[in-house]
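Results of the structural survey
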Amino acid sequence: MEQAAGCPAVGGSYPQKNAEILSSQYGINLFLAGLLLTFAWAVHAVGISKSHLLSYLITLMLIQLLWMLWYLCRSCTQRRLIRDKDTHAGARWLKCGITLFAVITLILDSFKIGYYIDFLNCLSPTEGIFPVTHAVHTILQVYFLWCHAKDVIQSFKTLERFGVIHSVFTNLLLWTNGVLTESKHQLNEHKERLITLGFGNITIVLDDHAPQCNCTTTTLCSIFSQGIYYLYPFNIEYHILASTMLYVLWKNIGRKVEYHQQNKTPFKFHGITVGMIFGLIVLTSTIAIVVVYLIQIGGSKIKSELALTMFYLHAIFVLALMCTAGIVALLIYRLEDRSLDNSKNPARKLDAELLVGTAAGSWLLSWGSILAIICAQGHPKYTWYNLPYSVLVIIEKYIQNLFIIESIHREQEKANDDIKTLRIVTISRGSTLSLTPLYKEIYNGRATRDSGDIPCLFKGSICGRENDGAGVAKEETSQDNSLVMHSASDFSFYSRNSVTNNKRRILKNIAAFLFLCNLSLWIPPAFGCRPEYDNGLEEIVFGFEPWIIVVNLAMPFSIFYRMHSAASLFEVNCKT
């Protein structure tokens, strides 16, 4: 039973707190069971096959589908009721982003279906059922998030907590499955590249999960098998975004919403030309670097070393620019005197925690590389570029996190009364009189301090008809005197406004530049350009298997950090 409106909050808080704890523990156990199954399949545990893992994931998706259908049907029957909404959750640009990733995920599912049909004779039926179920799950989940991501659930709260947390950890398990599958593919390619770089002392054993039969159509099988791994990065981002949006929905269950005016902040290209141009230059050059890297790496030892050197030099230059831009933005914030918004906001809190938490993945890899460079006995020339690269990765994320977290916590700038003017045009005897009292003066009632009359603003056109010729002449004389006083104050107001606008324009350009830079730095690791694998020095110092475990654990967080930072910077640009 839900807490009655008139009952004390303390009496009804215990059942809801217990429901929150029970649902979170249910989700964690659900995730751990799936994680163990995933690990068992990855290490070829006896008696555990891929069909067992897929069956578990299919079951979880079907349960979530039933819950979402129930929620949608109940919402449809209660659509006339006024529901509480969290205006900060489920931003439109976030929904558009998850829709784009979902569309590419559907293409991935179609490739998996085609791959299953080509290897029908030797694949388990679950490998055909899984992509079909996943496609239906994706379509319904995106529709659910578009319609209900902002909901603050106030009825059936205990049941809804279990349904939402089930959805959160289902998406996390699907994300884990995608990360592991993609990482195993990258690891096989990495082992083959190490031979080219001359690290023959490392044992090369390929981890092969390929079907044990021939494909019915060789060309199509090649397209499907290669295409699947290029689409996995988008599938991975889709599931992590879905899980974060659902987590915010879970945190909002039973929450008391603070109603206040929320200014809409649409994205505009006006005023960010410089940041966009430099950002697009970085994005274009990064794509070119990735293409050359993937072509050259593994070709020969000289080509591989040149590819690594090229990558490090480009990354050092980009990271140095990002550090400089972030420092400039923070200096501008120090020169401003604006309060922070400390109101309760689950979406904003989660954004800040994800930024710091996922940055730890990159920091772990960077410190591992720094330690390997210091401790290694022999240093190929290209490995020295890894040192400034690793240091800059640590510094850049530190500065960028400060900038983003402060930006999303700063209160939006309100319209300044000092610079608002109101021009009133009245027509009297065929002539136009331009009256320009400041809006601040009208608001504070100082526009009428000499005469004590109600200003013409509130009388409308009656003012013009009531004044005779003498009154008009007197009014014009008083206006001439007031214009002298207003001109000096207006000049200071406009000067102050000009400085504020210049700062705002610089911040918007910095946010736009960092947004495109983060998208650029997301591309290399997401599509197989990973010097942490190909460098080879870390494997010698730490050992092949320990370092590969570290990379496989940290890399998904590093990739997600860049996409999440880009999304946060987009929001910063809109709010600035």
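Residues numbered from 1 in each chain as written. Predicted model: local features only at pLDDT ≥ 70, side-chain atom pairs only at ≥ 80, totals over all residues. Heavy atoms only, no water.

Going by what an unreviewed UniProt entry lists, the chain is known as OTOP1 protein and is assigned to Pteruthius melanotis. Recorded in UniProt under Subcellular location (unreviewed entry), the annotation for the chain is "Cell membrane". Quoted verbatim from the Sequence similarities (unreviewed entry) heading of the UniProt record, the comment on the chain is "Belongs to the otopetrin family." (UniProt positions renumbered as here; feature names shortened; annotations may be inferred.)

1. Topic: the packing of helix α8 (residues 301-335) against helix α10 (residues 386-409)
Contact pair α8 / α10: the axes reach a minimum separation of 8 Å and the direction vectors enclose 30 degrees. By the angle between their directions, the pair α8 and α10 is classed as roughly parallel. Handedness of the crossing formed by α8 with α10: left-handed. (Axes fitted to C-alpha atoms, helices over the stretch in contact; angles between N-to-C directions. Helix = DSSP H or I, 4+ residues; strand = E, 2+ residues; numbered from the N terminus. Parallel < 35°, antiparallel > 145°, perpendicular 65-115°, else oblique. Left-handed = near helix turned anticlockwise from the far one by under 90°.)

2. A word on the packing of aromatic side chains
Applying the stated rule across the entire model yields 22 aromatic pairs. Seen from their ring centres, W67 and Y71 are 5.7 Å apart, and the 40 degrees between their planes marks the pair as tilted. Of this pair, W67 and Y71 are both found in helix α2 (residues 50-77), 4 residues apart, which corresponds to roughly one turn of the helix. As far as the burial class goes, W67 and Y71 line up, both buried. (Phe/Tyr/Trp six-rings, centres within 6.5 Å; stacked < 30°, edge-to-face > 60°. Buried < 20%, exposed > 50% of the residue type's maximum accessible area, 1.4 Å probe, protein only.)

3. What about empty space enclosed by the protein?
By the definition in use, this model includes 6 cavities of 30 Å³ or more. Size it by volume and the largest cavity reaches roughly 310 Å³. In terms of lining, the largest cavity is formed by 25 residues, of which the most central are Y389, V393, P525, E532 and S558. By residue number, the principal contributor to the lining of the largest cavity is α10, which donates 5 residues. Of the residues belonging to the lining of the largest cavity, the class tally is 14 nonpolar, 6 polar and 5 charged. Looking at the second largest cavity, its volume works out to about 90 Å³. V179, E182, S183, P233, I236, E237, P525, A526, R530, M555, P556 and I559 together form the lining of the second largest cavity. Contributing elements (two or more residues each) for the lining of the second largest cavity: α5 (157-197), α6 (218-251), α14 (469-526) and α17 (544-575). Tallied by class, residues from the lining of the second largest cavity come to 8 nonpolar, 1 polar and 3 charged. (1 Å grid on protein atoms, 1.4 Å probe; cavity = no way out; pocket = protein on both sides within 12 Å on 5 of 7 lines; lining within 4 Å. Points joined across faces, edges and corners; volume = space filled by probe spheres on them. Nonpolar A, V, L, I, M, F, W, Y, C, P; charged D, E, K, R; others polar.)

4. Notes on a nonpolar patch on the surface
Residues V274, I277, F278 and I281 make up a contiguous nonpolar surface patch of roughly 390 Å² in combined accessible area. By secondary structure assignment, the location of I281 is in helix α7 (residues 273-296). (Patch = residues over 30% accessible without salt bridge, like charges linked within 9 Å, V, L, I, M, F, W, Y side chains within 5 Å. Areas by Shrake-Rupley, 256 points an atom, 1.4 Å probe, with all protein chains shown as cover. Salt bridge = Lys/Arg side-chain N within 4 Å of Asp/Glu carboxyl O.)

5. Side note on the pattern of salt bridges
Side chains that carry opposite charge are capable of pairing whenever their charged atoms lie near each other. Counted under the stated rule, the structure contains 4 salt bridges. Of the charged contacts, one joins K251 and E20 as a salt bridge, the two residues approaching to 3.9 Å between their closest N and O atoms. In this pair, K251 sits in helix α6 while E20 sits in helix α1 (residues 9-42), placing the two residues 231 residues apart along the sequence. Classification of K251 as partly exposed rests on a relative accessible area of 35%. What makes E20 buried here is its relative accessible area of 18%. With a closest N to O distance of 2.5 Å, E160 and R74 form a salt bridge. Of this pair, E160 sits in helix α5 while R74 is found in helix α2, placing the two residues 86 residues apart along the sequence.

6. Thoughts on the side chain of S390
When you line up the elements, S390 lands in helix α10. A distance of 2.8 Å separates a polar atom in the side chain of S390 from the backbone oxygen of N386. Among residues more than four places away in sequence, those in contact with S390 are S366, S369 and I370. (Polar contact = N/O pair within 3.5 Å; in protein donor to acceptor, adjacent residues only side chain to side chain. Contact = heavy atoms within 4.5 Å.)

7. Some details on the nonpolar core
Ranked by size, the top nonpolar core spans 121 residues in total, and within it F144, F311, M322, Y389, F403 and L514 carry the most contacts. Broken down by element, this core gets its largest block of residues, 16 residues, from α6. A domain-level breakdown of this core finds at least three residues from each of domain 1 (15-257) and domain 2 (267-412 + 499-575). Filtering out sequence-adjacent residues up to four positions away, F311 remains in contact with I289, Y293, Y389, P524, C529 and P531. (Core = buried A, V, L, I, M, F, W, Y, C linked by side-chain atoms within 4.5 Å. Domains from an automatic or database assignment.)

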